[in-house]
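Letter by letter, the chains look like this.
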Amino acid sequence: MAAGRDSRQILLLTPNRNKRFVMDYTLETSQQKEKLLKTIYTLQLKSIATLQTASPLLSSQRGMGMVTQHQVHQLADKAKSLCGDLDNIKNLLHYCQDDLIRQIPNPTGSRYGGVSGIHCSLDGSIYVTAESAPWVHVLSSTGQTWQSLPCRQTGKENGTFLPEDVTVTRMGMVAVADIMNGAIWVFNPHTSLSKGEWIKIRKVGSPRGIGVDSMGKILVADYAQGQVHSFALDHAFKTLNIHSVPNLQGPRYVSPVPKGGFVVSEECGDVKVFTSSRKLLCSLSSKYGHRFGNPAGVCVDVEGSILVADEQHRTVHLFPEHGAPVCLVSSGLRRPVGMACSSFGHLFVADAGENCVKVFKYRVRPPYSPTNPGAPCGNPSLTPRKGMGLVPLQPH
C-alpha cells in the first residue's frame, strides 16, 4: 500500500512541478526581457543626453577641451563594438532556429534520386526538380501538386532531359539547367501544341544552378567552366547581352540579389557576392569570418540577407547585412542541396538525403507589406513569441 501511495503522490506532484517549472521559466524570461529593454533604453538616454551636451560645447570652442585623441579613438572603437552587439541582439530576436513546420515528399517518389532544385515564386508556389528525374513539379506551399511538366523535347523519340535546377523567368515561364546535355531549356506554354513545349535557348558547358536577376536576366552557374553566365531573353526566345563572370571554383547554385547582382556558391568552400556590374563585392567567408564545408543552395530574402545551405555541415546559416551570421537550421538535415525562401518568412530546403522538401519558419514575423506597413504579410493571425527568440539566457 505504501508503494501505491508513493506512486500516486508522484503522479499528483508531477503536474505541480511542471507548472512550477513553467512559472519559474516565465518569470526568468520576463526578467531577462525587462533587463534587455532597460539596458537598451539606458544606452539611448545616455547617448542622447551626451549628444545634447557635447554638440553646443564643441560648436562654441576651438579645441576639444580636456578630451584627448586617444579617448576619441577608444570611444569610437567601443561604439563600433556596441553597435555590432546591438545588431546581433536584434537579429537573434528576429529569427527562429530549427522551427520545422512541414515536410513535403518528393512528388516523383523514390523511383529516381532525391530532390535537388527548388524555386519559390512570389505567390508562394514552389517548383521542384529531383536528381535523374525528367520532371518539373509545381506545388503549393503546403505541398499539393498543381502541375507536373515532363521534360521531353517535342518531336524527338529520345528527347528526354534531366533538369538539375529550376527557376521562373520574368515572363512567368519555367526555365531549367540541364547538365547532362549542357543546355538551358525554357517551357513555352503558348505554342500551338496543347501541352506547350520545351525550347532549348542556349548551350552551356555544364550548367548546375539557375536563377533570374532583378533585371530579368537569366543567371546560370557553369560548374566545369567555373563561370556564371547572364543573358536576356527576348520574346522570340533569342539570347541577348551575354556576359560571364570567370574564375570561380566549382559554382553550384546562384541566386539574385533584390538590389541587383547575384550570389553564387562554390563547391570548394566559399560563397561570393557580385554587383549588378558583375564586380566582386565580397566573399562571405572573408566578410564574416565563417568557415563553410560544402556550400550548396543559396537564396536572398526581401531584406537582402543571404541564406546558405551547407551540404557537409548539414546546416543553414543566414548572413545579415549587419551583424554576425545566424544559424537557422542546426539539425535535422541529411543532405541539403537546393534552397529557396518565401516572402512569408518560410525557408524551403531540398533535402536529397531524405528525399523531401523541408519547410522551416525562419522569421518570428513575416516581412511587413510595403502597401500596409502596419500589417504583416501572409498570415494576419501571427502573434509575437512569448520567449526570447534566439537570444541565449544568461545567469544574473
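For every chain, the first residue of the written sequence is number 1, and numbering continues from 1 onward in sequence order. Since the coordinates come from a predicted model, pLDDT governs what is reported: local features require at least 70, and pairs of side-chain atoms require 80 or more to be given and counted, while whole-chain, interface and lining totals use all residues. Side-chain numbers here rest on the full set of heavy atoms in the structure, without hydrogens or water.

Going by what an unreviewed UniProt entry lists, the protein chain is known as Nhl-repeat-containing protein 4 and is assigned to Limosa lapponica baueri.

Caption draft 1: Structural view of the overall build of the protein chain. Working definition: helices are DSSP H or I runs of at least four residues, strands are E runs of at least two. Numbering for both runs from the N terminus. In terms of helices and strands, the protein chain carries three helices and 26 strands. Note on contacts: a residue pair is in contact if any heavy atoms of the two residues lie within 4.5 Å. In the protein chain, of all internal contacts separated by at least 6 residues, the share reaching a separation of at least 24 is 47%. Where accessible areas are quoted, they stem from the Shrake-Rupley method and a 1.4 Å probe; at the residue level, only the protein chains shown are allowed to cover. Summed over its atoms, the accessible surface of the protein chain is roughly 21800 Å², and 55% of this surface lies on carbon and sulfur atoms.

Caption draft 2: Seen up close, the packing of aromatic side chains. For Phe, Tyr and Trp, rings pair up if their centres lie within 6.5 Å, where Trp contributes its six-membered ring, and each pair is then called stacked (planes under 30 degrees apart), edge-to-face (over 60) or tilted (otherwise). The full count for this structure, using the stated rule, is seven aromatic pairs. Seen from their ring centres, Tyr 288 and Phe 319 are 5.1 Å apart, and the 65 degrees between their planes marks the pair as edge-to-face. Of the two residues, Tyr 288 sits in helix 3 (residues 284-288) while Phe 319 sits in strand 20 (residues 315-319), which places them 31 residues apart along the sequence. Three labels apply to residues, based on accessible area from a 1.4 Å probe with only protein chains included: buried if under 20% of the type maximum, exposed if over 50%, partly exposed otherwise in between. Residue classification places Phe 319 among the buried residues on the basis of a relative accessible area of 1%. Taken together, the ring pairs connect Phe 161, Trp 185, Phe 187 and Trp 198 into an aromatic cluster. Remark: a charge is flagged as sitting over a ring if the NZ atom of Lys or the CZ atom of Arg is within 6 Å of the ring centre and within 35 degrees of the ring normal. It is Arg 202 that lies over the ring of Phe 231; its NZ or CZ is 5.8 Å from the centre. The aromatic ring of Tyr 223 is capped on one face by Arg 208, whose charged end is 4.8 Å from the ring centroid.

Caption draft 3: Highlighting a nonpolar patch on the surface. On the surface, Ile 40, Leu 43, Leu 82 and Leu 86 cluster together into a nonpolar patch covering about 280 Å² of accessible area. At the level of secondary structure, the elements contributing two or more residues to the nonpolar patch comprise helix 1 (2-60) and helix 2 (69-94). Relative to the elements of secondary structure, Leu 86 occurs in helix 2. Patch membership is restricted to residues that have no salt bridge and whose relative accessible area is over 30%. Joining uses 9 Å for like charges and 5 Å for the nonpolar side chains Val, Leu, Ile, Met, Phe, Trp and Tyr. We count a salt bridge whenever a side-chain nitrogen from Lys or Arg sits within 4 Å of a carboxyl oxygen from Asp or Glu.

Caption draft 4: Broad picture of the UniProt feature "repeat: NHL" (unreviewed entry) in the protein chain. UniProt positions are given in the numbering used here, feature names are shortened, and annotations may be inferred rather than shown by experiment. Per the UniProt annotation, the sites labelled "repeat: NHL" (unreviewed entry) are residues 151-190 and 333-363. End C-alpha atoms of residues 333-363 are separated by 19 Å, and the span's content is 0% helix alongside 58% strand.

Caption draft 5: Region of interest: the sheet that holds strand 1 (residues 100-105). Across the sheet, which stays open at both edges, the four strands sit in the order 1-24-23-22 with antiparallel pairing between neighbours. The two strands at the open ends of the sheet, each matched to only one other strand, are strand 1 and strand 22 (336-341). Ignoring strand direction, the axes of neighbouring strands in this sheet form an average angle of 20 degrees. Two strands are counted as paired when DSSP detects at least two bridges linking them. Taken together, the five bridges between strand 1 and strand 24 (residues 356-361) define a ladder with antiparallel strand orientation. For helices, the fitted line uses only the C-alpha atoms of the stretch in contact; every axis is such a line through C-alpha atoms, and the angle between N-to-C directions lies from 0 to 180 degrees.

Caption draft 6: Up close: unusual backbone geometry. You will see that Phe 237, though not glycine, has its phi angle at about 65 degrees, which is positive. Within the element layout of this structure, Phe 237 appears in the loop between strand 12 (227-233) and strand 13 (239-245). Classification of Phe 237 by relative accessible area gives buried; the value is 13%. The residue Arg 314 is not glycine, and still its phi comes out positive at about 60 degrees. Considering the arrangement of structural elements, one finds Arg 314 in the loop between strand 19 (306-310) and strand 20. Relative accessible area serves as the criterion here: at 45%, Arg 314 is assigned to the partly exposed category.

Caption draft 7: The arrangement of the environment of Thr 167 in detail. In this fold, Thr 167 is placed in strand 6 (residues 165-168). C-alpha separation for the pair Thr 167 and Ile 210, spaced 43 residues apart in sequence, amounts to 6.3 Å. Leave out the neighbours within four places in its chain, and Thr 167 touches His 119, Met 173, Val 174, Ala 175, Ile 210, Gly 211 and Val 212.

Caption draft 8: Region of interest: the pattern of salt bridges. Tallied over the entire structure, the rule returns 10 salt bridges. Put simply, Glu 303 and Arg 363 hold a salt bridge, and the shortest N to O gap is 3.4 Å. With Glu 303 in the loop between strand 18 (295-300) and strand 19 and Arg 363 in the loop between strand 24 and strand 25 (368-369), this pair connects stretches of sequence that are 60 residues apart. Note that Glu 354 is salt-bridged to Lys 358, the shortest N-O span being 2.9 Å. You can call Glu 354 partly exposed: its relative accessible area is 34%.

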